[in-house]
Amino acid sequence: MSSEKILIVDDDKEILDLIGFYLNNEGYDILKASNGIEATKFIENNPIQLIILDIMMPGIDGIEVCRRVRMKKNIPIIIVSAKSSEIDKVIGLSSGADDYMIKPFSMIELVARVKAQLRRYIYLNSNETENVKKDLIKINGLQISKENFTVKVYGREVSLTKTEYEIVLLMAENPNRVFPLEEIFERVWKEKYFHGNNTVMVHIARIREKIEENPREPKIVKTVWGVGYKIED
């Protein structure tokens, strides 16, 4: 059974009740509004996943409701209207609606379109959430935004150079793995490491000065003696 919340907006009570009956039988949580003003209040105060919207209503019409919703939300909107001309469809879809159905319509078809729009909405939202998760790394008090190239330590933003950022990102993306000096150098500087090069050690020291509470007793970037460095989760 579904649990998405659907708002039906129509000044015809019979249509409100009929659509509500069919969608309720599909397991959806139904809200009903008989005009545009009432609809905007519902939208502002409820987590709605889809709107079924009539155009011709007293006060604020459906086109204006659609425009207002689109200014703040990306939820699916299906217009149901007796207006059947091509220009009416164009105006409805141009105002931000995702679909347009002409009255009278098949309730079975409406339910199918509702399900299709919700599947698309949920799929896109889940992908967006996943992308956000991939962009944001949180580990051991450290927060890295790969999109904005920012680093925070316990909520405090720290300023790292490009090289320092790349060193921290390398270890944060591979928690618990120990990186030898040679590998850090070759992956960040893109050059062959030569024995005695202390470039990485100098950068690690600078990083610790910026992100550690006590650089002499590091809790984020840890040393594995004789091997290299790591960030633990």
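Residues numbered from 1 in each chain as written. Predicted model: local features only at pLDDT ≥ 70, side-chain atom pairs only at ≥ 80, totals over all residues. Heavy atoms only, no water.

1. A look at a nonpolar patch on the surface
Then, number 1: A cluster of nonpolar side chains, contributed by Leu 18, Phe 21 and Tyr 22, occupies part of the molecular surface with about 290 Å² of accessible area.
Then, number 2: For Tyr 22, the location among the structural elements is in helix H1 (residues 13-25). (Patch = residues over 30% accessible without salt bridge, like charges linked within 9 Å, V, L, I, M, F, W, Y side chains within 5 Å. Areas by Shrake-Rupley, 256 points an atom, 1.4 Å probe, with all protein chains shown as cover. Salt bridge = Lys/Arg side-chain N within 4 Å of Asp/Glu carboxyl O. Helix = DSSP H or I, 4+ residues; strand = E, 2+ residues; numbered from the N terminus.)

2. What about the environment of Lys 73?
Then, number 1: With respect to the secondary-structure elements, Lys 73 resides in the loop between helix H3 (62-72) and strand S4 (77-81).
Then, number 2: Between the C-alpha atom of Lys 73 and that of Met 201, which follows or precedes it by 128 residues, the distance is 49 Å.

3. Here's the deal with the domain arrangement of the protein
Then, number 1: When its domains are assigned, the protein resolves into domain 1 (5-126) and domain 2 (136-231).
Then, number 2: Taking the mean C-alpha position of each, domain 1 and domain 2 sit 51 Å from one another. (Domains from an automatic or database assignment.)

4. Comments concerning the packing of helix H7 (residues 181-189) against helix H8 (residues 199-211)
Helix-helix packing: each pair is described by the crossing angle between the helix axes and the interaxial distance.
Then, number 1: Viewed as axis vectors pointing N to C, H7 and H8 meet at an angle of 85°, and their least axial separation amounts to 9 Å. One element, H7, and the other, H8, form an angle in the roughly perpendicular class. Where H7 abuts H8, its residues Leu 181, Ile 184, Phe 185 and Trp 189 lie against Thr 199, Val 200, Met 201 and His 203.
Then, number 2: A class-by-class count of the residues in the contact of H7 with H8 yields six nonpolar, two polar and no charged. (Axes fitted to C-alpha atoms, helices over the stretch in contact; angles between N-to-C directions. Parallel < 35°, antiparallel > 145°, perpendicular 65-115°, else oblique. Contact = heavy atoms within 4.5 Å. Nonpolar A, V, L, I, M, F, W, Y, C, P; charged D, E, K, R; others polar.)

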